[in-house]
Amino acid sequence: MAKRRANGESSIYQGADGYWHGRVTVGIKDDGTPDRRHVRGKTEALVKTKVKRLEKERDNGTLRKAGESWTVAKWLTHWLENIATPPNVRENTASGYRVAVRVHLIPGLGAHRLEKLTPEHIEKMTRNMQKNGSKPATAHQAFRTLRAALNEAMRRGHIGRNPASLAKAPRLDDEEIEPYSVEEVQRLLMAAAELPRNGVRWAIALALGLRQGEALGLKWADVDLTTGTLIVRRSRLRPRWRHGCIEPCGRKFGGYCPQRQPVRAEAADTKSRAGRRRIGLPDQLVSLLRQHEIDQAADRRKAAQLWTDDGWVFATPTGGPLNPRTDYDEWKRLLKAAGLRDGRLHDARHTAATVLLILEVAERAVMGIMGWSNSAMAKRYQHITGQVRRDVAKRVGGLLWRPPTEDDNPPDEGAAGVPVSAN
């Protein structure tokens, strides 16, 4: 008499169709019934191998969930619209995800079945991105977005493993950044002083290294000119708009609609504890901010009832927060006015970090000023400028080529450390 199998035990048998079949219980379906997976093959040995593989995936927790089948495009769209959204992620993070998914990931990988996606597919996509002109950083951002989305698919049982965790990430070449010299910073500050409004914004960027969003997110309540300190609490967000018109206005994008409505907040709290920080202000910067406060009061009187009194340190002529794009364009105009080479807005932050290096400020103090959570950022932001290189060269030359002195050749000493006199 054949021994009866226990409940849930796998079974292997030859069917009337001539094929061998295997059935493995791997769990419970959403409706409460047993989840029994079926495999088949021409030989018993082949089916046994398939059954063992299923049992191993079940026991390791890497078996994909039964039920609805997903394409990469379908999963990414679901993840983007239902999972990777505020407040689960920050608004700026969600915006980056949207661009990566819609511009790169769905066009590059969207037709693949989710469970059939391989590391090779992902590596080919990132290579093609760079062949088509995308920068390594853009390819890397798309790769990280995909990895995050697939991690969620794996946690939910839709795939057994994350192929992006096995794929090689696009290599990020260390971009050689030449920060502005002290003399160039002085020229920038002189040009900023001639601006009709918000010139001190660039003094704060170059002296304190605030990120663009942090500088534009400052409010007067964050600044104490008596003690000479400011507190970084929030970051200005890039505005997003939707149509507010009842009758179609004919504009394609909501930002151009005459009755446009905002769809995100003007600012958000800084993303990390290290980013929320108190910074001391140089006396010269305190004086500039006092004058800026006076100038803004004049703008307030001129705008009259049009003034929006939300307390922004750097504001439009009617008191509203500055648009980051407008701020970026102002930086480019400032560089031209100062007669300097073109540079990224973020180079002002690199320059501030390098100035702290030149001044030999302690690393922990630099981390506090710049809002870094780990010291590795110091190596990325602090650059060896020409001034530092010349100083190091002078020190090396002074040590190796200075004339010898008596201290370089002390008299011979005996075993007990007593000088041996010459006969």
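Since the structure is predicted, the reported quantities are computational estimates derived from the model, not experimental observations. (Residues numbered from 1 in each chain as written. Predicted model: local features only at pLDDT ≥ 70, side-chain atom pairs only at ≥ 80, totals over all residues. Heavy atoms only, no water.)

1. Considering the sheet that holds strand S3 (residues 34-41)
Spatial ordering of the open sheet is given by S1-S2-S3, a layout of three strands whose pairing is antiparallel. This sheet does not close on itself; its edge strands, each paired only once, are strand S1 (11-14) and S3. Here the average twist between neighbouring strands, direction ignored, is 25 degrees. Across four bridges, S1 lies against strand S2 (residues 20-28) in antiparallel orientation. Each bridged residue has a counterpart across the sheet, and for Ser 11 the counterpart in S2 is Arg 23. (Pairing = 2+ DSSP bridges. Helix = DSSP H or I, 4+ residues; strand = E, 2+ residues; numbered from the N terminus. Axes fitted to C-alpha atoms, helices over the stretch in contact; angles between N-to-C directions.)

2. Considering the packing of helix H3 (residues 91-109) against helix H4 (residues 119-131)
Interaxial distance between H3 and H4 falls to 10 Å at its minimum, and their mutual angle equals 130 degrees. With respect to each other, H3 and H4 are oriented oblique. Here H3 runs over H4; the crossing is right-handed. In this structure, H3 uses His 104, Leu 105, Gly 108 and Leu 109 to contact H4, whose residues at the interface are His 121, Ile 122, Met 125 and Met 129. Partitioned by chemical class, the residues of the contact of H3 with H4 number five nonpolar, three polar and no charged. (Parallel < 35°, antiparallel > 145°, perpendicular 65-115°, else oblique. Left-handed = near helix turned anticlockwise from the far one by under 90°. Contact = heavy atoms within 4.5 Å. Nonpolar A, V, L, I, M, F, W, Y, C, P; charged D, E, K, R; others polar.)

3. Considering the packing of aromatic side chains
Two aromatic rings, taken as a pair, are described by how far apart their centres are and by the angle between their planes. Going through the model one piece at a time under the given rule, you end up with four aromatic pairs. Here Trp 70 and Trp 75 contribute two aromatic rings whose centre-to-centre distance is 5.2 Å and whose plane-to-plane angle is 90 degrees, an arrangement assigned as edge-to-face. The exposure classification of Trp 70 matches that of Trp 75, with both residues buried. An aromatic cluster of three or more residues is present, and its members are Tyr 180, Trp 202 and Trp 331. (Phe/Tyr/Trp six-rings, centres within 6.5 Å; stacked < 30°, edge-to-face > 60°. Buried < 20%, exposed > 50% of the residue type's maximum accessible area, 1.4 Å probe, protein only.)

4. Side note on unusual backbone geometry
Look at the link from Pro 86 to Pro 87: it is a cis peptide, with omega at 5 degrees. Looking at the secondary structure, you find Pro 87 in the loop between helix H2 (72-82) and H3. The phi dihedral of Asn 198 is positive, around 65 degrees, even though this residue is not glycine. The residue Asn 198 is located in the loop between helix H7 (182-193) and helix H8 (200-208) in this model. For Asn 198, a relative accessible area of 10% puts it in the buried group. For Ala 304, which is not glycine, the phi dihedral falls at a positive 55 degrees. Among the structural elements, Ala 304 can be located in the loop between helix H10 (283-303) and helix H11 (324-337). The exposure class of Ala 304 is partly exposed, given its relative accessible area of 42%.

5. Looking at the sheet that holds strand S5 (residues 229-232)
Strand order in this open sheet of three strands is S4-S5-S10, and the pairing throughout is antiparallel. The open sheet has two edge strands with one neighbour each: strand S4 (223-224) and strand S10 (277-280). Pairing geometry for S4 and S5, over two bridges, is antiparallel. For Val 223, the partnering residue across the bridge sits in S5 and is Leu 230.

6. Quick word on the layout of surface pockets
Roughly 760 Å³ of volume is contained in the second largest pocket. Along the wall of the second largest pocket there are 32 residues; nearest its centre are Leu 189, Ala 203, Ala 207, Leu 285 and Leu 288. Counting residues per element, the ones that place at least two in the lining of the second largest pocket are H7, H8, S10, H10 and helix H12 (347-358). Looking at side-chain class alone, the lining of the second largest pocket contains 23 nonpolar, seven polar and two charged residues. (1 Å grid on protein atoms, 1.4 Å probe; cavity = no way out; pocket = protein on both sides within 12 Å on 5 of 7 lines; lining within 4 Å. Points joined across faces, edges and corners; volume = space filled by probe spheres on them.)

7. A short note on the confidence of the model for the protein
Per-residue confidence for the protein gives a mean pLDDT of 85, with 85% of residues at or over 70. At the low end of the mean pLDDT range in the protein sits helix H15 (residues 386-400), at 64; at the high end sits H4, at 96. (pLDDT = per-residue confidence, 0-100.)

8. Section: the pairing of S3
Burial of the side chains of S3 is restricted to one face: Asp 35, Arg 37, Val 39 and Gly 41 are buried, whereas none of Pro 34, Arg 36, His 38 and Arg 40 on the reverse face is. Bridge count for S2 against S3 is eight bridges, and the pairing is antiparallel. Each residue of the ladder has a partner; that of Gly 27, found in S3, is Asp 35.

9. Focus on the pairing of S10
The side-chain alternation of S10 yields one buried face, formed by Arg 277 and Ile 279, and one unburied face, formed by Arg 278 and Gly 280. Alignment of S5 against S10, held across four bridges, turns out to be antiparallel. Across the sheet, residue Ile 231 finds its bridge partner in S10, namely Arg 278.

10. Observations concerning the state of the cysteines
Per the stated rule, a full pass over the model turns up zero disulfides. Not part of a disulfide, Cys 245 finds its nearest cysteine sulfur in Cys 257, a span of 3.7 Å. Judged by relative accessible area, which is 18%, Cys 245 ranks as buried. According to the relative accessible area criterion, Cys 257 is buried, its value standing at 4%. (Disulfide = S-S within 2.5 Å.)

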